[in-house]
Amino acid sequence: MLYDVAAPAKLNLFLHVVGRRPDGYHLLQTVFRFIDLCDTLHFEARADGRIERAADLPGVPPEHDLTLRAARALQQATGARQGAVITLEKRIPQGGGLGGGSSDAASTLIALNRLWGTGLSRRELMALALPLGADVPVFVFGQPAFAEGVGELLAPLDLAPAAYLVTQPDASVPTAGIFADPDLTRDTPSVTIADFLASQGSGAKRGQGLFGRNDLEPVVYRRYPEVLRAAQWLSGRGIHARMSGSGACLFAQYATMQQAVLAQQEITATMRVAGETTGHTQPGFRLVRACPGLAEHPLRNWIAR
């Protein structure tokens, strides 16, 4: 049996660091939203119990591959005797703050739970997800969420339709180094879901409709000047972008997909002209993509309860 499944990217619509636990983990408040920028995973069941990937993922050795770790965690928790061959088609940039690895791990848990017939509930899969990474449980949760704690305390949100322009400057940012930086703000006052919902109005325009801030931005901008340069360049063109997660990707929110596509077209046209001009000062972008926000995870209904 073979499954082909999607693993969507996420955006942090805001990200506040409100404290730090004695064990060093940071306490966060954020809102997660999935977007239609997806990796694709292929799963083929095998009877011998072996779990392996069909091809290497550049820069990710097998022991660090979250899809393999997720599959083995499910196998060990349930005593499943089946195995799987996993093929991953990457579209979500690595080191971009869009949760690609976490999403791949969650889709692995959900898909193999169904493929192997292990029958775990959403709550049980979320418990398996957390040791894999703080962002993994929200993808199993399967809907936009207000998150607290280290990101595992989730409350569902009904968000208005929106579209996003997502850009990746010419940089990849490792998360651990940003959270370890001594200059990171760690005492932002806590907010409530009501505070966030009160800020959400209709008719969001370029860069508007975004609540709070991303506390990680100043550290990333200092350590990765190409990300700061990209944000400043976008702002100079009326696109007031915010960083997602620990970066490097920047996003702007729009009321409609048409507005997001127009912004994408404006950027790509400017890039094309700049590429034909010597001495231009435009920053490099690895990704410029307009995509809609998703109302729920594509695999949300794959979990029975």
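In case you missed it, the structure is sitting above this.
Reference entry: report on the structure contained in this document.

About the criteria used
- Residues numbered from 1 in each chain as written.
- Predicted model: local features only at pLDDT ≥ 70, side-chain atom pairs only at ≥ 80, totals over all residues.
- Heavy atoms only, no water.
- Helix = DSSP H or I, 4+ residues; strand = E, 2+ residues; numbered from the N terminus.
- Expected span 1.5 Å × (residues − 1).
- Buried < 20%, exposed > 50% of the residue type's maximum accessible area, 1.4 Å probe, protein only.
- Contact = heavy atoms within 4.5 Å.
- Pairing = 2+ DSSP bridges.
- 1 Å grid on protein atoms, 1.4 Å probe; cavity = no way out; pocket = protein on both sides within 12 Å on 5 of 7 lines; lining within 4 Å.
- Points joined across faces, edges and corners; volume = space filled by probe spheres on them.
- Nonpolar A, V, L, I, M, F, W, Y, C, P; charged D, E, K, R; others polar.
- Phe/Tyr/Trp six-rings, centres within 6.5 Å; stacked < 30°, edge-to-face > 60°.
- Polar contact = N/O pair within 3.5 Å; in protein donor to acceptor, adjacent residues only side chain to side chain.
- Core = buried A, V, L, I, M, F, W, Y, C linked by side-chain atoms within 4.5 Å.
- Disulfide = S-S within 2.5 Å.

Examining helix H1 (residues 66–78)
Along an α-helix, residues three or four apart share an orientation, since each turn contains 3.6 residues.
So, step 1. If you check H1, its first and last C-alpha atoms are 18 Å apart, about what 13 residues at 1.5 Å a residue would give, namely 18 Å.
So, step 2. Those residues of H1 lying buried are Leu-66, Thr-67, Leu-68, Ala-70, Ala-71, Ala-73, Leu-74 and Gln-75.
So, step 3. Contacts made by the buried residues of H1 are with strand E2 (26–46), strand E3 (51–53), strand E4 (83–89), helix H2 (100–115) and helix H3 (122–129).
So, step 4. Positive backbone phi, at 75°, marks Gly-79, one or two positions downstream of H1.

Focus: H2
So, step 1. In this model, H2 (16 residues) spans 22 Å end to end at C-alpha, consistent with the 22 Å of a helix rising 1.5 Å per residue.
So, step 2. One or two steps after H2, the chain reaches Gly-117, where phi turns positive at roughly 70°.

Comments concerning the sheet that holds strand E9 (residues 250–254)
So, step 1. Overall, antiparallel pairing links the four strands, which are arranged E8-E9-E7-E10 in an open sheet. Across the chains shown, the open sheet's two edge strands, defined by having one partner strand only, are strand E8 (242–243) and strand E10 (285–292).

So, the layout of surface pockets
So, step 1. In this structure, the largest pocket encloses a volume near 1,400 Å³.
So, step 2. Within the residue set of the lining of the largest pocket, elements represented by two or more residues are strand E1 (2–20), E2, H1, H2 and helix H5 (175–180).
So, step 3. For the lining of the largest pocket, a count of residues per class yields 21 nonpolar, 19 polar and eight charged.

Description of the packing of aromatic side chains
So, step 1. This model, assessed by the stated rule, comprises eight aromatic pairs.
So, step 2. Ring centres of Tyr-3 and Trp-302 lie 5.3 Å apart, and the angle between their planes is 70°; on these two criteria the pair is classed as edge-to-face. With a gap of 299 residues between them, Tyr-3 in strand E1 and Trp-302 in the segment after E10 connect regions that are remote in the sequence.
So, step 3. According to the relative accessible area criterion, Tyr-3 is buried, its value standing at 16%.
So, step 4. By relative accessible area, which is 24% here, Trp-302 ends up partly exposed.
So, step 5. Judged by centre distance (5.7 Å) and plane angle (55°), the rings of Trp-233 and Phe-285 are tilted. Separated by 52 residues along the polypeptide, Trp-233 in helix H8 (residues 225–235) and Phe-285 in strand E10 bring together distant segments of the chain.

Some points on the side chain of Ser-246
So, step 1. Along the chain, Ser-246 falls in the loop between E8 and E9.
So, step 2. A polar atom in the side chain of Ser-246 sits 2.8 Å from the side chain of Thr-175.
So, step 3. Apart from the residues lying within four places of it in its own chain, the contact partners of Ser-246 are Gly-97, Val-173, Thr-175, Ile-178, Leu-216 and Val-220.

Considerations on the nonpolar core
So, step 1. Core analysis: the largest hydrophobic core is formed by 41 residues, its most contacted members being Phe-43, Leu-74, Leu-109, Leu-112, Trp-116, Val-140 and Leu-154.
So, step 2. When residues of this core are traced back to their parent elements, those giving at least two are E1, E2, H1, E4, H2, H3, helix H4 (136–141) and strand E5 (145–148).
So, step 3. Top element by residues in this core is H2. It accounts for seven residues.
So, step 4. Those residues in contact with Leu-109 that sit more than four places away from it in its chain are Ala-70, Leu-74, Leu-125, Ala-129, Leu-132 and Val-140.
So, step 5. Residues Leu-15, Leu-184, Ala-230 and Ala-263 belong to the second largest nonpolar core, which totals 33 residues.

Points about the pairing of E1
So, step 1. The buried fraction of E1 is high, at 14 of 19 residues.
So, step 2. Where E1 and E2 come together, 16 bridges link them in antiparallel fashion. Across the sheet, residue Ala-6 finds its bridge partner in E2, namely Thr-40.
So, step 3. Between E1 and E2, which pair antiparallel in sequence order, lie five residues; one of them, Gly-24, sits at a positive phi of approximately 95°.

What to know about the pairing of E4
So, step 1. Strand direction decides the pairing type here: E2 and E4, joined by seven bridges, are antiparallel. Directly across from Thr-40, in E4, lies its bridge partner Glu-89.
So, step 2. Two elements, E3 and E4, share three bridges in a ladder whose sense is parallel. In the sheet register, Ile-51 faces E4, and the bridge partner there is Ala-84.

With respect to the state of the cysteines
So, step 1. If you walk through the whole model with that rule in mind, you get zero disulfides.
So, step 2. Here Cys-38 is not cross-linked by a disulfide; its sulfur's nearest cysteine counterpart is in Cys-291, at 8.9 Å.
So, step 3. A relative accessible area of 0% places Cys-291 in the buried class.

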